[in-house]
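# Commentary on secondary and tertiary structure
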Amino acid sequence: MGNPPYQLSSAESDSGNRNYAAPIYHEFMDAAFAVSDKVELITPARFLFDAGSTPKAWNKKMLEDPHFKVLSYEEDATRVFANTDIKGGVAISFRDSAAQFGGIRVFTKYEELNHILGNVCSADGYVGMDQCVVSRTVYRLTDQLHRDCPFARYCEDDNGENLGRLSKGHDYDMSTNIFDCIPEVFSDEKPTDNAEYICILGRQGNERKYKYIRAEYVNNPKPLNKYSIVLPKANGTGEFGEILSQPVLTAPGTGSTESFLSVGYFDSEVEGRNCLKYISTKFARAMLGVLKITQDLTPKKWKYVPLQDFTPSSDIDWSQPIADIDKQLYAKYGLSDDEIAFIESHVKEMK
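Conventions adopted
- Residues numbered from 1 in each chain as written.
- Predicted model: local features only at pLDDT ≥ 70, side-chain atom pairs only at ≥ 80, totals over all residues.
- Heavy atoms only, no water.
- Domains from an automatic or database assignment.
- Buried area = accessible area lost by both parts, 1.4 Å probe.
- Salt bridge = Lys/Arg side-chain N within 4 Å of Asp/Glu carboxyl O.
- Polar contact = N/O pair within 3.5 Å; in protein donor to acceptor, adjacent residues only side chain to side chain.
- Nonpolar A, V, L, I, M, F, W, Y, C, P; charged D, E, K, R; others polar.
- Pairing = 2+ DSSP bridges.
- Helix = DSSP H or I, 4+ residues; strand = E, 2+ residues; numbered from the N terminus.
- Axes fitted to C-alpha atoms, helices over the stretch in contact; angles between N-to-C directions.
- Parallel < 35°, antiparallel > 145°, perpendicular 65-115°, else oblique.
- Left-handed = near helix turned anticlockwise from the far one by under 90°.
- Contact = heavy atoms within 4.5 Å.

Glancing now at the domain arrangement of the protein chain. Split by domain assignment, the protein chain resolves into domain 1 (1-105) and domain 2 (108-133 + 236-247 + 267-350). Averaged C-alpha coordinates put domain 1 and domain 2 at centres separated by 28 Å. Between domain 1 and domain 2 lies a buried interface of about 720 Å² when both sides are counted; carbon and sulfur atoms form 61% of it. It is F49, Y73 and E75 in domain 1 that bury the most area against domain 2; as a group they hold 64% of the surface buried on that side. Our count for the domain 1 to domain 2 interface comes out at two salt bridges. Residue E75 pairs with K109 through a salt bridge whose shortest N-O separation is 2.5 Å. Seen at the junction of domain 1 and domain 2, the total is two residue pairs in polar contact (both at pLDDT 80 or more). Considered class by class, the residues forming the side of domain 1 that touches domain 2 number three nonpolar, one polar and four charged.

Shown next, in the form of structure tokens:
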């Protein structure tokens, strides 16, 4: 029974990042399991959501361990350790090598949400929306840009100083500050020359900006030629039931910097608008909250948000107001009155 060290100091870490402290509590947990049949520990809880920097294989092992269970979870770590910010909260866990608890597999702190998750994932032909959410790194600069704009590429002088605009190892990144790094290749208005241009959504001066760049300077991933929902990659705080900040529907020919990720790629504007309605529902955001416990909104966080048919032939009438779409989704997945009440009371309404 104990409270092991949680992480190395940033000075002890060999990552090269002064702001990063590597976790070590998982190593103490494994060591404790090796010397005792019964172990009770309080640790960061991020691994329960397959989040944080503990090894993914280790997270999977713990979630599938039939001898392991969570006795208590506290989302707000300051209620346990005053003045200590531990993202994802803390958990008191128990492992008994002689007991069978069945394995956690997917952890949520709400019993109602566990039941809802079971209903949703057992639906015939279940597919999660993680299959159509695109990473924030999908848009990349091309060799043609570097041929035409040699000033952009990272290059060191004899003193090790960067003579280029882009940082080391990131010559092809559509980075969050790309508008400021190489402003010469972006235009506020679409140029009227004979070249082909695409639009890029990014941030500059703490504001969203749309700028134009020659199409040959950017790769051509599938979402670029489709309608997509674009959201900030850093979104909210991870509090269950929070709203998603500023999702927008982008038209074909529009990409984005690494500040954003794309949800879906649709042939029609109608499908895109229906998807935008869906991710605004309380139901979809409740399911997103199964894995999203920090501000980080990565594709894998959408695994338990069930993918829908967004065409006019869908089993959901997308023409209805969002509150009525929620009712259709509750019925589709067989939610009980108590489960519906849980979502309605715990998930905030999006306008």
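After presenting the structure, the write-up continues.
Let's shift gears to the pairing of strand β6 (residues 207-214). Bridge analysis of strand β5 (residues 197-204) against β6 gives eight bridges, and the strand direction is antiparallel. Bridge pairing links Y197 to R214 in β6. Where β5 folds back on β6, the antiparallel hairpin that results is connected by two residues, among which G205 adopts a positive phi of roughly 60 degrees.

Between helix α3 (residues 111-121) and helix α9 (residues 337-346), the least distance of the axes is 10 Å, while the angle of their chain directions is 115 degrees. What the angle tells us is that α3 and α9 run roughly perpendicular. Judged by the twist between their axes, the crossing of α3 over α9 is left-handed. Residues E112, L113, H115, I116 and N119 of α3 pack against E339, F342 and I343 of α9. For the contact of α3 with α9, the per-class residue count stands at four nonpolar, two polar and two charged.

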